Amino acid sequence: MNGKRLRLLIWKEFLQLRRDPLFLRLAMAMPIIQLVLFGYVVAADVTNLKTAVIDLDRTPASRTIAASFAASDYFNIVARPDGEDALRPLLDRNEIALAIVIPAGTQASLERGEVAGIGIVVDGSDSSTASVGTSYASRVIAGYNALPDAGPGAKASVRVVFNQSLRTVNTMIPGLIATIMMISVLAIMSQAVVKERERGTLEQMFTTPISRGEYLVGKVVPYMVLSGVQALFVATIGTLWFRVPFYGSVWVVLTGLLLFMLTNVGMGLLISLVSRTRQQAQQMMMFVMLPTMILSGFIFPIESMPDAIKPFTAAIPMTHALVVMRGAFVKGAGFDALATPLLALAGFAVAIFGLAVVLMRRRLSE
Amino acid sequence: MTDSPAQQASDAVVASELRRSFGAVKAVDGVSLRVPRGAIFGLLGPDGAGKSTLIRMLATVLAPDSGDATVAGASVTKRPDAVTPRIGYMSQQFCMYPDLTVAENIDFFAVLRGVDKPTRKRRAAELLASMGMAQFTRRAAGRLSGGMKQKLMLTSTLMHSPEILLLDEPTTGVDPVSRREFWTILAELQRAGTTVVVATPYMDEAERCSHVAFMLSGQITHHGTPAELKALIPGVLIEVDAPDPRQALAAASGAPGVRSAHLLGDHVRVLSDADAQAPERLQALLRAQGIEATALAIEPDMEAAFSYLAEAAS
Amino acid sequence: MRASAARIAALVRKEFTHLFRDPRSLALVLLLPVVELLLFAWAISFDVREVPTIIWDADGSAASRAYVQQYAAGGFFTVKGSADSYDDIDKAFERGQARVAVVVPAGFQRAQDAGLRADVQVLVDGGEPTSARMGEAYALALNQRYNATSFASWVARTPGASVDAPTTGVLEPRVRTWYNPDRLSSVFLIPGLVVVIIMIVTVQQTAVTIVRERDQHTAEQMLVSPLSHTELVVGKLLPWTVLAFVDMAIVVGLGMGLFELPMRGSWAVLAAGSVLFVFASLAIGLIISSVTPSPETANIAAIMVAFLPSFLLSGFAFPIASMPPVLQAVTYAFPAREMVTISRGVFLKGAGLADVWTELLQLTAYAVVAVGVAVRLYGRRARR
């Protein structure tokens, strides 16, 4: 491989990039927008749910119960209607997320030593709020029920290990760094070769002494640099702006990101080689990107997925990248703990790149 | 050209002081011209002369920075929508859809032009037959040869029977046979009354125009009929054949009475002072220097005219 | 007028011809939404359950085993294995193999027999905050239930046990879920998914239409024809509107057939909203294509301006109420938000015109403005 020719190719790519300033500006703006969107939207911790409390009992006991809900961080009492018919419009207009109904006769039941039911009404059309809200309510009720420390039983002390603040942002940002890298690399690389093939400059290139290997490296390096800069940008702004703590080793993060970048470059190249037009390349890219974002555990936890799908999530490189990033940031995990996902990423990089090279030999000679 | 006002009124195109720049580059720098009705008007000039830009302004596809033109009786700046129904415009690049067939392309643009269905069928059949493309109606436009692509574009522009055709280098990159066919078609169109304005870098095509304008660096340097332009050449045009043309060129350039000499392919063309004996003298001179040359006087052609006028302009 | 309709018809026919001559693209345009739908609806659930848990039972007694059994029985926790030390637990957490660990100390049974409380530790991995919170809540509730039953049986077994504890009853939550009783995430997601899919189609479209004209110099030929800018824009929007509707029909059909999505409201309202929304989205796509210099930029711009915000800010999957107020205001800038409200309202809450007329009005305004701007912008690009 000739160093001079390589430098020339890389220089050409940079030149072409410079000619499209809007593209570069977008490339830098995109991560910021994604940071804001993901950081504030997806990572939003569901707390302070707008709640209505309907007290049909109006006894000291029911007032205590209502007070324990009001005292909890999870609930924000915004309405105290007189009856249940007031609930439907409140729910429909999204003025409340859930309602607590204390039926008449609650105190009486409790004094008789019976089980008293407390109604929790949730809007099932907002599933995430519904399930979380239900669990919070259960917790408040459990707190009310807590018996004094007499008699046998278990005194459970719950301790949060890692991310004690339980802020979702702290786990979302590390994942976002990987995601943003994936999106940009895929978007750019999938167009890279196709563009030249459509224009016909590809054929021109191979009548010169440039070897296929040099071409590949020359194409890939500038975008890797660009993407690396972008990732650093995101990492810095993300951690600083959202005050995300970092407990782990920078080397682990860099290794993970580098390996992940390679898999994405390879994937983008594959798409680029397989598509005949830019339009097809772009459609394929979306086809690959969406399931990756959905199934990798970036937004939706893998545990919640049906068992049939879980094995497939391991086939997605991003799943492993997320384990590495989150492990390093949040849990301070080192190379030993993260050996498996790192090796998986390396394996993917080798396999995908290898495939791209093989395909390139065949396709580019068409 | 000094035409009477009545003649001016019947001109197909009247351009006046058209100017257009792209950034710092003055593509068209104050062009005024007149194209009589029924003419085949050739715009000649090298690459970058501004021919494309001029044609596009006349076609209302590009807006001039200043100046105006009246095409088919309407102003291109003030009433472009009155101009477009009467013109056909063929761009330099292939402007059809490569994945659509010949028939589909023609039909689509004809519908856009408002040609009704029975007319479309009839015209398409006639035109394609006359161009020898009848059996290619179902071929994808992207898979046509260069010459057929040009014919396809021409067919498309003719579907609505325009009065004026504006063609931007329609034969560039086309094989000589197709080129000749193309010009035969243009001649027929002219006979039927269509005015044709065609930009071309090919000097031999200029011969077949009724009027010609030379364009250089955004300006029209000379215009007139081919005969008028050729008459501008002073002296005698001599063509020299020699085994080593370059050597002959060098020798001829210094010869007495020679105004200019240049190479055209394998021949040396020499412009010499008007003198019936000039060819024999030149031949003798060259032979005396050991060059086995033959020199013959030839009729001036457009190439010679252009070379001479271009040199004179610089 | 007739010629105008003929021109629009010709544009539509041509657009479809392009599409059908590129079967790979067509397949992707039609298949992509279906695949995404299946993926989303089936794979995604907001219900956190089967949280991997490991147990360190240092006591190994009948009582401790009974206690541990509670966790497995609940459905929320899934016992994945056991540990013997805090190191084990740390490693399991770091590797992501478990998110909850229960540590039962030695002497658990002895404490129970003596009528005393035993200290149990529940360690929760904060790396998955939502399941951590819920894990906390359920662990506490579980313990409290265990305490109640063991207290009752202790009182019963132990003669002369002091019954200092007040014999109060116990509160129990009775959950009533409206509109989606089984709390199927898919039912929750699909109405919003319809919206996202239309955005995906929009993004695809932007890569194609105006770029094609620009690249193939056919735009000039259109300029010298009587084709008006409005006709051009409408002619480009219509075929993709049809495609978007086909996609929508597939998604709704599959949703109702495979995922038991109910339809409780008015089809007419849904259709009206959809038409407006599709037009608005596609027009936005055209605007993006007109404004960006290259197809790559158009691509990225479409993703950023059309797809991502509608995915994240429309309320489709992430509750708007949880967003910071600034972002909540921003969501109004995207028509996807209104469409999700209409869609969800119609499918799940039986909404009719009276319920969603404000949203419909907003969508109409969007569609009109977007198409108007698209026409104006495309006009500006011509006749340079």
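Residues numbered from 1 in each chain as written. Chains lettered and ligands numbered in written order. Predicted model: local features only at pLDDT ≥ 70, side-chain atom pairs only at ≥ 80, totals over all residues.

Notes on the overall build of chain C
Counting secondary structure elements, chain C contains 15 helices and five strands. Per-residue burial for chain C yields a buried fraction of 53% across its 384 residues. When contacts within chain C are restricted to residue pairs at least 6 apart in sequence, long-range pairs at least 24 apart make up 79% of them. (Helix = DSSP H or I, 4+ residues; strand = E, 2+ residues; numbered from the N terminus. Buried ≥ 20, exposed ≤ 12 C-beta atoms within 10 Å, placed from the backbone. Contact = placed C-beta atoms within 7 Å.)

Topic: the overall build of chain B
The number of helices and strands found in chain B is twelve helices and 14 strands. Projected onto its principal axes, the C-alpha coordinates of chain B cover approximately 75 × 45 × 40 Å. For chain B, with 314 residues in total, the buried portion stands at 44%. Taking contacts inside chain B between residues at least 6 apart in sequence as the whole, the part at least 24 apart equals 69%.

Overview of helix α3 (residues 60-71) of chain A
Residue and element names in this part refer to chain A. Relative to the 16 Å expected for twelve residues at 1.5 Å per residue, α3 spans 16 Å between its end C-alpha atoms, a close match to the ideal helical length. Among the residues making up α3, those that are buried are Ala61, Ser62, Ile65 and Phe69. End-on view of α3: buried residues confined to an arc of 100 degrees, all on one side of the axis. Exposed residues pointing more than 90 degrees away from the buried face of α3 are listed as Pro60, Thr64 and Ala71. (Expected span 1.5 Å × (residues − 1). Arc of directions from axis to C-beta.)

A short note on the interface of chain B and chain C
Counting residues at the interface gives 24 residues for chain B and 21 residues for chain C. Looking at the side of chain B that touches chain C, the elements with two or more residues in it are β6 (87-90) and α4 (102-112) of chain B. Per-element tally for the side of chain B that touches chain C: the top contributor is α4(B), with five residues.

A word on the sheet that holds strand β2 (residues 25-36) of chain B
Residue and element names in this part refer to chain B. Taken together, the four strands give an open sheet; going across it, the order is β2-β1-β4-β5, and neighbouring strands pair in antiparallel fashion. The open sheet has two edge strands, β2 and β5 (74-75), and neither has a second partner. Pairing of strand β1 (residues 11-22) with β2, which is carried by nine bridges, proceeds in the antiparallel orientation. Within β2, the residue paired with Leu18 across the bridge is Val31. Taken strand by strand, helix α2 (residues 51-58) contacts β1, β2 and β4 (66-71), and its axis lies near 120 degrees from that of β1. (Pairing = 2+ DSSP bridges. Axes fitted to C-alpha atoms, helices over the stretch in contact; angles between N-to-C directions.)

Focus on the environment of Val194(A)
Residue and element names in this part refer to chain A. Here Val194 shows up in helix α7 (residues 169-199). C-alpha of Val194 to C-alpha of Gln279: the two residues are 85 residues apart in sequence and 9.5 Å apart in space. Leaving out residues up to four positions away in the same chain, Val194 has contacts with Ser272, Ser275, Thr277, Arg278 and Ala281.

Comments concerning the nonpolar core
Grouped together as the largest cluster of nonpolar side chains are 323 residues, with contacts concentrated most on Leu58(B), Val197(B) and Ala283(C). Among the elements that line this core, the one with the most residues is α7(A), at 18 residues. Beyond its immediate sequence surroundings of up to four residues, Leu58(B) is in contact with Val13(B), Ala15(B), Ala69(B), Val71(B), Val76(B), Leu166(B) and Val197(B). (Core = buried A, V, L, I, M, F, W, Y, C linked by C-beta atoms within 7 Å.)

Points about the interface of chain A and chain C
Accessible area lost when the parts come together is the quantity often used to give the size of an interface. Counting residues at the interface gives 102 residues for chain A, matched by 108 residues for chain C. Across the side of chain A that touches chain C, the residue classes tally to 55 nonpolar, 30 polar and 17 charged. (Nonpolar A, V, L, I, M, F, W, Y, C, P; charged D, E, K, R; others polar.)

Quick look at the sheet that holds strand β12 (residues 258-264) of chain B
Residues and elements named next belong to chain B. Taking strand neighbours across the sheet as the criterion, the four strands line up as β12-β13-β11-β14 in an open arrangement whose pairing is antiparallel. What marks the edges here is a single partner per strand, and that holds for β12 and β14 (294-298). For this sheet, the mean angle separating the axes of adjacent strands, direction not counted, is 25 degrees. Sheet topology note: the strand β11 (residues 236-241)/β14 ladder contains five bridges and is antiparallel. Counted as the bridge partner of Ile238 is Ala297 from β14. Along the sheet, helix α10 (residues 245-253) makes contact with β11, β12 and β13 (267-272), crossing β12 at roughly 170 degrees. Packing of helix α11 (residues 278-288) onto the sheet brings it into contact with β11, β13 and β14, and relative to β14 it is tilted by some 160 degrees.

As for the arrangement of the chains
No other pair of the two pairs of chains in contact has as many contacts as chains A and C. Contact between chain A and chain B is absent, and the minimum C-alpha spacing across the pair is 13 Å.

Here we look at the domain arrangement of chain C
Each assigned domain of chain C is listed here: domain 1 (5-44 + 187-383) and domain 2 (51-157). For domain 1 of chain C and domain 2 of chain C, the distance between their C-alpha centres works out to 50 Å. (Domains from an automatic or database assignment.)

Observations concerning the environment of Gly73(B)
Tracing the backbone shows Gly73(B) in the loop between β4 and β5. Taking the C-beta count within 10 Å as the criterion, Gly73(B) has 15 such neighbours and is therefore assigned partly exposed.

What to know about the packing of α4(B) against helix α6 (residues 146-158) of chain B
Residues and elements named next belong to chain B. Direction vectors running N to C along α4 and α6 enclose 30 degrees, while the axes themselves pass 9 Å from each other. In terms of axis orientation, α4 runs roughly parallel to α6. The element α4 and its partner α6 pack so that their crossing is right-handed. Packed against α4, whose contacting residues are Val102, Asn105, Ile106 and Phe109, the element α6 presents Leu152, Thr155 and Ser156 at the interface. Of the residues that constitute the contact of α4 with α6, the class distribution is four nonpolar, three polar and no charged. (Parallel < 35°, antiparallel > 145°, perpendicular 65-115°, else oblique. Left-handed = near helix turned anticlockwise from the far one by under 90°.)

Description of the pairing of strand β3 (residues 98-102) of chain A
Residues and elements named next belong to chain A. Extensive coverage of β3 is indicated by the burial of five of its five residues. Taking every second residue as pointing to the same face, both faces of β3 are buried, with Leu98, Ile100 and Ile102 on one and Ala99 and Val101 on the other. As paired strands, strand β1 (residues 49-55) and β3 are joined by five bridges and run parallel to one another. Paired with Val53 across the strands is Ile100, a residue of β3.

Describing unusual backbone geometry
With a phi angle near 50 degrees, Asn163(A) is a residue other than glycine that sits in the positive phi range. In this fold, Asn163(A) is placed in the loop between β5 (153-161) and α7. Exposure remark for Asn163(A): the 25 C-beta atoms within 10 Å place this residue in the buried category. Despite not being glycine, Thr60(B) shows a phi value in the positive range, around 65 degrees. Considering the arrangement of structural elements, one finds Thr60(B) in the loop between α2 and β4. Since 26 C-beta atoms lie within 10 Å of it, Thr60(B) is described here as buried.

Remarks on α6(B)
All names here are of chain B. Here α6 is 13 residues long and its end C-alpha atoms lie 19 Å apart, about the 18 Å a rise of 1.5 Å per residue gives. Counted residue by residue, α6 has eleven buried out of 13 residues, so it is predominantly covered. Among all positions in α6, only Gly147, Lys149, Gln150, Lys151, Leu152, Met153, Leu154, Thr155, Ser156, Thr157 and Leu158 are buried. On its buried face, α6 is in contact with β6, α4, α5 (117-130), β7 (164-168) and α7 (176-191).

Digging into the environment of Ala66(C)
Secondary-structure assignment places Ala66(C) in helix α3 (residues 62-74). Along the sequence, Ala66(C) and Tyr146(C) sit 80 residues apart, while their C-alpha atoms lie 9.9 Å from each other.

A short note on the confidence of the model for chain C
Any region with low pLDDT has predicted coordinates that should not be read closely. On average, residues of chain C score 81 in pLDDT, and 88% of them are at 70 or above. Overall fold confidence (pTM) sits at 0.75, and the ipTM for the predicted complex is 0.79. (pLDDT = per-residue confidence, 0-100.)

Observations concerning the packing of helix α11 (residues 267-291) of chain C against helix α14 (residues 335-349) of chain C
All names here are of chain C. Two elements in contact, α11 and α14, have axes whose closest approach is 10 Å; the angle formed by their N-to-C orientations is 160 degrees. Taken together, the axes of α11 and α14 lie roughly antiparallel to each other. When you trace α11 past α14, the crossing you get is left-handed. Residues Val269, Leu270, Gly273, Phe277, Ala280 and Ser281 of α11 pack against Pro335, Met339, Ile342, Ser343 and Val346 of α14.

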